[in-house]
Amino acid sequence: MGRLRAVLPPFLAVAVTGAVGIVPAPGFGAGSPLAVLHRASTLEARTDRLLVVLHRDPWHLELRDPSTNRLIVDEYPAEPRGRRRVGSLGFLVGRDGDPGAGGRWHRVGSVLGVAVEGDAIHVLAATDDPSGRRVEIQVRFPSSATVSVRVTPRPSRGVLEVAEGLRSAPDEHYLGLGARYGPLDARRSEVRSRVQAQLDTLEPRGNHVAVPFFVSTRAYGVAVHGADESVFQLATVRPDAAIFKVVGPTLGFTVFTGATPLDVIAEHAKTAGTPALPPLWAFGVWKTVLGGEERVLAEAERLRREGIPVTALWSYDMVDEIRHLGWRPWVYRAMTPGPYPDLARLTRRLRALGYRMLGYMSPEFPTDSTLFGVGAARGYFVRDARGQPYLKDGMQGRRVALLDFTNPEAVRWWQGLAASTLTDLGLDGWMQDGGDDAPEDGVYFSGIRGAAARNAYPGAYARATRAAALRVRPDYVSLMRAGFTGSQRDTPVAWPCDNAFSWSPRSGMPAALRAALNGSVSGFPFWAPDIGGYYGCGAGTREDEELWIRWVQLGALHPVMRDHLGDKCASAIDLWSTPATLAAFHRYAALHQRLVPYLYALAIQVVETGRPMMRPVALSSPGDARAHRDEFTYLLGDDLLVAPVVEPGARWRQLFVPDGEWIDWWEGERYRGPDLVTVPAPVDRIPLFVRAGAILPLADGSGSLTRDARVGAPGPWLPWPAAATGGRLRCDAC
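What you are looking at is a predicted structure, and each value in this text was computed from that prediction instead of being measured.

> Can you help me understand the overall build of the protein in this one?
Scanning the protein from N- to C-terminus turns up 13 helices and 39 strands. A burial count over the protein gives 63% of its 734 residues as buried. Pairs at least 24 apart in sequence give 67% of the contacts found in the protein among residues at least 6 apart. If you sum the accessible surface of the protein, you get close to 26,300 Å²; carbon and sulfur atoms cover 52% of it.

Pasting the structure below:
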């Protein structure tokens, strides 16, 4: 006992193994009080929604349903140590703390002492480390449905990683972990939560929206705390274990529980943070415009003349060096750049035509730009080891420095530039590019280092920019591609990085859909795809036109419909390429605009409940293997079922229909689920279904709702009753 008291914190030294009794703890949040029962071999902590069992010798953690005793989460049992055999709670110790010198895994063993303080249980446990290292474990209850665990080896010197392993059932599936491009089900995948500007299917070292959270079909989820790099090995090291670890000396994680996976996602959203709600106008149709003032105005007028209901225009070639606005290189070869002599005048003219206007910005300052010298002289950029601006190859093909968003003076300078873009130029927002390539070996004003600096950068970038914009234009919109846990609070709209114009499930349209669905599960709900992709031209064949049309259909059934001209050759497909492309964009832009009231109502629900707008069908039928195999069918809210065509030449689509009755949007045919059905999918039609009994709020399809929107003004809604008593229901005006 003398030694035990010496190493425990004062409040923990009062409780030792073997004590028996019930200890009432104070209430927490909105949940029930925590009741703790000490037994000889276990400690049980109970809320109205969770029973947590801590086994003492050896240490072992279980989460159960308190009413049924059903096992929810079971820690993987301890096993003989080995260098790579990670399964139970343990840590990796390197030789002299050197990650490159190898190391050895050690396990948590028996519990030495336990104490309860408020809603926290403090545990000291032995390990099999020959040096006598011990582990401090803190178990807390942020709510009656969640458990947070913090594991710290003591001493921590030389600890390279800390890992936990949970049992994985053969039929268990995992969704989330950021905007991943690989299969929706992350089972048999190793996922690194590291922000990087690359599709993880092409370079598996991270992702542009990296969120260390997954939800299991067994109705629990795990989120790893902090900005350090974490790694998820889901049935990869062994088929019966879901392992997650942090690259660092402390592992903190929260387990979320609920009746369904959707409930778990909602619980996670309460912790991760409420997403930024875009204004009503942002849920309309956005069209890329390029080539100078005259060409932009001509295209805006043609859109009106053709009756295409676009309500927002965005351009990346509007350059204003003084305000750090725009993309300078010529990348869309089909259209030569043109001059913008007076951007403020142009935005006024576009607003008079009924358009919102968005530009382009990034945190990269090219060394040959007007503002580089200013920022360098004032120390506003991330620095290298010599104290000079850290220079790297930028997105626009030039050497650049990155703004240091941990420097308050640099933030104020940046915010002045952003605010001026809205007030002086009259823009309504911007594509907020980059933010996913901060150097890990850079020197930051705050002292943050390594992977934590890289992962924290998108959130600081988003937060600083949004604060400036809201002060001068509350209904502005930004479109970001980089993100990490929590940055959704300051990210009104996201897009799935840079996709190829292809059918490739690794980098093309199918991959972009996977990213949006996984990102939605992970807490980023408002997606605006690159219709047509960012790069690649195709071969000028009819298949290319078909791909572009299928992408238009898919984009219309996202929260925001947006095209991208991008980095493409002169033969690239666009809205104006052929009568078929014009007809497709016209039809589906009108469909999207009709859905704006429904989409906006869903957006409000997302903010209030945390349930995503775009939901893989696997979330509605977590126990049905057919739903998991159909990874490209999704629900848009509760009442729309979308089955995009993601293969060339397909004219029929097999899809999983969830429980209930579903009505074909176009023809009124009825289908009852859960079932696999095959439906017609001609090239001009995306399979789309309405839940029987739903009443959808719709607009008239002209775009007037988003074009005339004011802050907080929902406009008129036209309901569509889908609960016909019999016969067929057909939407002739869609």
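There is more to say, and it comes next.
> Before we go on, may I ask you to explain the layout of surface pockets in this structure?
Gaps between atoms show up when a probe of the same size as a water molecule is rolled over them. Considering only enclosed or pocket space, the second largest pocket measures out at about 420 Å³ in volume. Around the second largest pocket, the lining is made up of 31 residues, and of these Ala197, Met395, Asp433, Arg481 and Asp498 lie nearest the centre. For the lining of the second largest pocket, a count of residues per class yields 16 nonpolar, six polar and nine charged.

> Looking at this model, I keep getting lost on the sheet that holds strand 32 (residues 614-616). Mind explaining?
Note: strands within a sheet are paired through backbone hydrogen bonds, in either parallel or antiparallel orientation. Within the open sheet, the six strands sit side by side as 32-33-34-37-35-36. Their pairing is antiparallel. Of all the strands in the sheet, just strand 32 and strand 36 (670-680) have a single pairing partner and so form its edges. The sheet shows a mean angle of 25 degrees between the axes of neighbouring strands, taken without regard to direction. Note that strand 35 (residues 652-664) and strand 36 share 10 bridges and pair antiparallel. Bridging from a neighbouring strand, Trp662 pairs with Tyr671 of strand 36. The strands touched by helix 8 (residues 509-521) are strand 32 and strand 33 (634-636); relative to strand 32, the strand with the most contacts, the crossing angle is about 100 degrees.

> Help me understand the sheet that holds strand 26 (residues 399-402), please; the structure alone is not making it clear to me.
Strand order in the open sheet made by the three strands is 24-26-25, with antiparallel pairing throughout. Looking at the sheet topology across the chains shown, the edges are occupied by strand 24 (364-366) and strand 25 (392-393). Taken together, the two bridges between strand 25 and strand 26 define a ladder with antiparallel strand orientation. Across the sheet, Asp393 pairs through a bridge with Arg399, a residue of strand 26.

> Sorry, what's going on with the state of the cysteines here?
Following the criterion strictly, the structure yields one disulfide and no others. Each sulfur of the disulfide joining Cys537 and Cys569 lies 2.3 Å from the other. Here Cys569 lies in the loop between strand 31 (561-562) and helix 10 (579-609) and Cys537 lies in the loop between helix 8 and helix 9 (542-556), a separation of 32 residues in the sequence.

> In this structure, what is going on with empty space enclosed by the protein? I would like to understand it.
In total, this model carries seven cavities of 30 Å³ or more according to the counting rule given. The calculated volume of the largest cavity comes to roughly 150 Å³. Lining the largest cavity are 16 residues; nearest its centre among them are His324, Gly326, Pro366, Gln396 and Arg398. Where the lining of the largest cavity is concerned, the elements lending two or more residues are strand 23 (356-361) and strand 24. Within the lining of the largest cavity, the residues separate by chemical class into six nonpolar, five polar and five charged. Its boundaries defined by the atoms lining it, the second largest cavity holds a volume of some 90 Å³. Residue lining of the second largest cavity: 14 residues in total, with Ala269, Ser520, Gly523, Val606 and Gly610 positioned closest to the centre. If you list the elements that add at least two residues to the lining of the second largest cavity, you get helix 2 (261-272) and helix 8. At three residues, the largest contribution of residues to the lining of the second largest cavity is made by helix 2.

> It is not clear to me how the pairing of strand 23 should be interpreted in this structure. Could you clarify?
Residues in a regular strand project their side chains so that they alternate between the two faces of the sheet. Where burial is concerned, most of strand 23 is hidden: six out of the six residues are buried. Every second residue of strand 23 is oriented toward a common face, with Arg356, Leu358 and Tyr360 on one face and Met357, Gly359 and Met361 on the other, all of them buried. Sheet topology places strand 22 (residues 312-314) next to strand 23; three bridges connect them, and they run parallel. Among the inter-strand pairings, Ala312 is bridged to a residue of strand 23, identified as Arg356. Following the chain from strand 22 across helix 4 (residues 343-352) to the adjacent parallel strand 23, one finds a crossover that is right-handed. Bridge count between strand 23 and strand 27 (residues 429-432): four bridges; the pairing is parallel. The residue bridging Leu358 from the neighbouring strand is Gly429, located in strand 27.

> Would you mind going over the confidence of the model for the protein with me for this structure?
In regions of low pLDDT, the predicted coordinates are not meant to be interpreted in detail. Overall, the prediction assigns the protein a mean pLDDT of 89, with 89% of residues at 70 or greater. Here residues 81-86 is a poorly scored stretch, pLDDT under 50, and it has 23 contacts once near neighbours within four places are set aside; other chains count. In the predicted structure, residues 723-734 sits below a pLDDT of 50 and forms 26 contacts with residues beyond four places in sequence or in another chain.

> Help me understand helix 7 (residues 450-472) in this model?
In an α-helix there are 3.6 residues to a turn, and that puts residues three or four apart on one side. When the terminal C-alpha atoms of helix 7 are compared, their 35 Å separation across 23 residues agrees well with the 33 Å that a helix rising 1.5 Å per residue should span. Of all the bends in helix 7, the greatest, near 35 degrees, is centred on Ala456, and the proline Pro458 appears no more than four residues after it.

> Explain unusual backbone geometry here, please?
In most cases, non-glycine residues show a negative phi, while peptide bonds are predominantly trans. Omega for the bond connecting Asp57 with Pro58 falls within 30 degrees of zero, at 0 degrees, which places this linkage in the cis form. Along the polypeptide, Pro58 turns up in the loop between strand 4 (51-56) and strand 5 (59-64). For the peptide bond that leads from Gly673 to Pro674, omega is 5 degrees, which places it in the cis range. With respect to the helices and strands, Pro674 occurs in strand 36. The backbone phi angle of His324 is positive, close to 60 degrees, even though this residue is not glycine. Within the secondary structure, His324 is located in the loop between strand 22 and helix 4. Owing to a relative accessible area of 13%, His324 belongs among the buried residues under this scheme. Within the chain, Cys497 stands out as a residue other than glycine whose phi angle is a positive 55 degrees. Position of Cys497 relative to the elements: it lies in the loop between strand 30 (493-494) and helix 8.

> I tried to follow the nonpolar core on my own but got confused; where do I start?
Nonpolar side chains in soluble globular proteins tend to be buried together. Counting residues in each nonpolar core, the largest one holds 95 residues, and the members touching the most others are Phe585 and Trp665. Element by element, the count of residues in this core is highest for helix 10, at 13 residues. Judged by nonpolar contacts, the second largest core, of 47 residues, contains Leu34, Val73, Val224 and Leu251.

> Got a minute to help me understand the pattern of salt bridges in this structure?
A pair can form between side chains of opposite charge whenever their charged atoms are brought close. The full count for this structure, using the stated rule, is 50 salt bridges. One salt bridge connects Glu267 with Arg49, and the closest N-O pair in it is separated by 3.6 Å. Of this pair, Glu267 sits in helix 2 while Arg49 sits in the loop between strand 3 (42-46) and strand 4, and the two are 218 residues apart along the sequence. Exposure remark for Glu267: the relative accessible area of 8% places this residue in the buried category. What makes Arg49 partly exposed here is its relative accessible area of 37%. A single network of salt bridges, built from pairs that share partners, joins Arg351, Arg356, Asp428, Arg473 and Asp475.

> How should I be thinking about helix 6 (residues 408-423) in this particular structure?
Between its first and last C-alpha, helix 6 extends 22 Å over 16 residues, near the 22 Å set by a 1.5 Å rise per residue. Among the residues of helix 6, those classed as buried are Ala410, Val411, Trp413, Trp414, Gln415, Leu417, Ala418, Ala419, Ser420, Thr421 and Leu422. Of the surrounding secondary structure, the elements contacted by the buried residues of helix 6 are strand 23, strand 24, helix 5 (372-378), strand 27 and helix 7. Near the N-terminus of helix 6, the side chain that reaches the backbone nitrogen of Glu409, with its oxygen 3.0 Å away, is that of Asn407.

Definitions and limits used
Residues numbered from 1 in each chain as written. Predicted model: local features only at pLDDT ≥ 70, side-chain atom pairs only at ≥ 80, totals over all residues. Heavy atoms only, no water. Helix = DSSP H or I, 4+ residues; strand = E, 2+ residues; numbered from the N terminus. Buried < 20%, exposed > 50% of the residue type's maximum accessible area, 1.4 Å probe, protein only. Contact = heavy atoms within 4.5 Å. Areas by Shrake-Rupley, 256 points an atom, 1.4 Å probe, with all protein chains shown as cover. 1 Å grid on protein atoms, 1.4 Å probe; cavity = no way out; pocket = protein on both sides within 12 Å on 5 of 7 lines; lining within 4 Å. Points joined across faces, edges and corners; volume = space filled by probe spheres on them. Nonpolar A, V, L, I, M, F, W, Y, C, P; charged D, E, K, R; others polar. Pairing = 2+ DSSP bridges. Axes fitted to C-alpha atoms, helices over the stretch in contact; angles between N-to-C directions. Disulfide = S-S within 2.5 Å. Right-handed = clockwise from strand over helix to strand, strands pointing away. pLDDT = per-residue confidence, 0-100. Expected span 1.5 Å × (residues − 1). Bend = angle between axes of the 7 residues up to and from the residue. Core = buried A, V, L, I, M, F, W, Y, C linked by side-chain atoms within 4.5 Å. Salt bridge = Lys/Arg side-chain N within 4 Å of Asp/Glu carboxyl O. Polar contact = N/O pair within 3.5 Å; in protein donor to acceptor, adjacent residues only side chain to side chain.

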